[in-house]
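Structural features, examined
Listed below, chain by chain, are the residues.
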Amino acid sequence: MFVTQSKENLFSQTLTIFVIASLFFITFAISTNGEEIKNYDGKRLSAFDRSYDNSIGGPQKIDINKYRLEVEGNVENPLSLTYNEALSLPHVKRVITLNCVEGWEETLLFEGIRFNDIFKKAKPGDGVKTVVFHAVDGYTSSLPYEFVVKNDLMLAFKINGRVLDEKRGFPFQVVAESKLGYKWVKWVTKIELIDTDYKGFWEKRGYSNDADLK
Ligand SMILES: Nc1nc2c(c(=O)[nH]1)N[C@H]1C(S)=C(S)[C@@H](COP(=O)(O)O)O[C@H]1N2
Ligand SMILES: [Mo]
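Here the structure is a predicted model, which means the values were calculated and not measured. Throughout this document, residue positions are counted from 1 along each chain, in the order its sequence is written. All chains are assigned letters beginning at A, and all ligands numbers beginning at 1, according to the order in which they are written. pLDDT decides what is reported in this predicted model: residues at 70 or higher carry local features, side-chain atom pairs at 80 or more are listed and counted, and totals for whole chains, interfaces and linings draw on all residues regardless. Note that the side-chain values use all heavy atoms of the structure and ignore hydrogens as well as water.

Concerning unusual backbone geometry
Cis geometry is adopted by the peptide bond preceding Pro 171, which originates at Phe 170 and carries an omega value of 5°. Along the chain, the position of Pro 171 falls in the loop between strand E10 (162-163) and strand E11 (173-175). You will see that Ser 178, though not glycine, has its phi angle at about 70°, which is positive. Numbered from the N terminus, helices here are DSSP runs of H or I no shorter than four residues, and strands are runs of E no shorter than two. Here Ser 178 shows up in the loop between E11 and strand E12 (188-194). Categorising residues by exposure relies on relative accessible area from a 1.4 Å probe, with only protein chains included: less than 20% of the type maximum marks a residue as buried, more than 50% marks it as exposed, and the intermediate range marks it as partly exposed. Judged by its relative accessible area of 39%, Ser 178 falls in the partly exposed class.

Let's talk about the sheet that holds E12
In this scheme, strands are said to pair when DSSP sees at least two bridges between them. Pairing within the open sheet is mixed, and its five strands lie in the order E4-E3-E12-E7-E8. If you trace the sheet from one side to the other, it starts and ends with strand E4 (79-81) and strand E8 (140-144), each paired once. Strand after strand, the sheet turns through a mean of 15° between neighbouring axes, direction not considered. With four bridges connecting them, strand E3 (residues 69-73) and E12 associate as parallel partners. Of the residues in E12, the one forming a bridge with Glu 72 is Glu 192. Two residues form a contact once any of their heavy atoms are found within 4.5 Å. Here an axis means a line fitted to C-alpha atoms, over the contact stretch when the element is a helix, while the angle between two N-to-C directions is reported on a 0 to 180 degree scale. Sitting on the sheet, helix H3 (residues 115-122) is in contact with E3, E4, strand E7 (130-135) and E12, with an inclination near 65° to E12.

Describing the nonpolar core
Think of a nonpolar core as a cluster: buried Ala, Val, Leu, Ile, Met, Phe, Trp, Tyr and Cys residues, connected wherever their side-chain atoms sit within 4.5 Å. Ranked by size, the top nonpolar core spans 53 residues in total, and within it Phe 115, Ile 118, Leu 155, Phe 172 and Ile 191 carry the most contacts. The element contributing the most residues to this core is strand E9 (residues 154-159), with five residues. If near-sequence neighbours (up to four positions away) are discounted, Phe 115 is found in contact with Phe 133, Val 148, Leu 153, Met 154, Leu 155, Val 174 and Ile 191.

Considerations on the packing of aromatic side chains
Here a pair means two rings of Phe, Tyr or Trp (six-membered ring of Trp) with centres within 6.5 Å. Their orientation is stacked below 30 degrees between planes, edge-to-face above 60, and tilted elsewhere. All chains considered together, the criterion is met by 12 aromatic pairs. With a centroid separation of 5.5 Å and 65° between ring planes, the pair formed by Tyr 83 and Phe 170 is classed as edge-to-face. A residue pair is termed long-range when its members are at least 10 positions apart, and Tyr 83 in helix H2 (residues 83-87) and Phe 170 in the loop between E10 and E11 qualify at 87 residues. In this structure, Tyr 83 and Phe 170 share a single accessibility class: buried. Taken together, a centroid distance of 5.7 Å and an interplanar angle of 55° make the contact between Tyr 83 and Phe 172 tilted. Here Tyr 83 is found in helix H2, whereas its partner Phe 172 is found in the loop between E10 and E11, with 89 residues between them in sequence. Relative accessible area serves as the criterion here: at 0%, Phe 172 is assigned to the buried category. Aromatic ring contacts, followed pair by pair, group Tyr 139, Tyr 182, Phe 201, Trp 202 and Tyr 207 into a single cluster. When the ring centre of Phe 147 is taken as origin, the NZ or CZ atom of Lys 179, which lies over that ring, is 4.6 Å away. Comment: the charge-over-ring label is applied if NZ (Lys) or CZ (Arg) is within 6 Å of the ring centre and within 35 degrees of the ring normal.

Observations regarding the environment of Val 174
Take Val 174: it is sitting in strand E11. For the pair Val 174 and Gly 112, spaced 62 residues apart in sequence, the C-alpha to C-alpha distance is 9.1 Å. Once residues within four sequence positions are removed from consideration, Val 174 is found in contact with Phe 115, Phe 133, Leu 143, Met 154, Leu 155, Lys 183, Trp 184, Val 185 and Val 188.

A look at the site of ligand 1
Near ligand 1 you find 19 residues, and of these Arg 50, Ile 56, Glu 106, Asp 137 and Lys 186 are the closest. Any pair of N or O atoms that falls within 3.5 Å is considered a polar contact. Within protein, one atom must be able to donate a hydrogen and the other to accept it, and sequence-neighbouring residues count only if both atoms are side-chain atoms. Backbone polar atom of Ile 56 to an oxygen atom of ligand 1: 2.8 Å apart, as the coordinates give it. Gln 173 is positioned with one of its side-chain polar atoms (N or O) 3.1 Å from an oxygen atom of ligand 1. Here ligand 1, which alone exposes 540 Å², has 98% of that area covered by the protein. Of all the cavities here, the one that holds ligand 1 is the largest pocket. Note that Gly is not counted as nonpolar here; it falls among the polar residues with everything else outside the nonpolar set of Ala, Val, Leu, Ile, Met, Phe, Trp, Tyr, Cys and Pro and the charged set of Asp, Glu, Lys and Arg. Residues belonging to the shell around ligand 1 are distributed by class as follows: 10 nonpolar, four polar and five charged. Definition of nearness: a residue and a molecule or strand are near each other if at least one heavy atom of the residue lies within 4 Å of the molecule or strand. Using the Shrake-Rupley algorithm and a 1.4 Å probe, accessible areas are obtained, with residue cover drawn only from the displayed protein chains. Residues are said to line a cavity or pocket when one of their atoms sits within 4 Å of a point; the points come from a 1 Å grid over protein atoms alone, cavities being sets where a 1.4 Å probe fits but cannot get out and pockets being open sets with protein on both sides within 12 Å along at least five of seven lines. Assignment to a cavity or pocket requires that more than half of a molecule's atoms be within 2 Å of the site's grid points.

Observations concerning the side chain of Lys 183
Structurally, Lys 183 can be placed in the loop between E11 and E12. What Lys 183 contacts, discounting residues up to four positions off in sequence, is Ser 141, Ser 142, Leu 143, Val 174, Ala 176, Glu 203, Asn 209, Asp 210 and Ala 211.

Concerning the pairing of E3
Looking at chain direction, E3 and E4 are connected through three bridges and run antiparallel. In the strand pairing of E4, Glu 70 is matched with Ser 80. Hairpin geometry of E3 and E4 is characterised by an intervening segment of five residues between the two adjacent antiparallel strands.

Everything listed is a geometric property; what it means functionally is a separate question.
Here it is, written out as structure tokens:
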């Protein structure tokens, strides 16, 4: 009976309960992937979860074990990186605002890898003019190579401290800082470097290929 237990027994019981509770807590913290960051650098961030979705095919499921980030086109060293290989590149964090042509905007803390680090590995050839992004839903868009290099753009894998999900573009979203939302390709599978201009999904349908914010 409990009342007749020795002090040692009580102590080991308490310790066992404490250890089990801690394990539960750690498992929970890992599975929820940490608390969402709500404020950063004195800036109030928009929410990670939203009800609306304006992507051409809706949320996309990607099997991360089969996933490869391909880098090809006019490059000396074509790449086919696993998720972990891509994440082994240095990480950067920035608060950036996305503006959609529909009129809404959101300010989020993006964490990602730098295109310049990817390019360093792939070794683009002379004459590369455009970076084309291909996505799992068949969507494409592009940015001028010089623009990506000079602005040190990133390919994000986290928003507000949380790993991207099926809606947010897991595993990677292009963070096309200072360009309209349709350049921010989600569910990226391939980065293609070409020597010509390119028109993506919305650009072919009449949206400006510059996509500069007005
Ligand atoms: N693969 C893919 N990426 C996409 C789209 C899409 O339909 N498919 N829509 C674009 C448009 S129009 C906008 S405004 C942004 C929205 O990104 P968000 O989910 O980060 O707000 O995603 C862009 N990236
Ligand atoms: Mo958009």
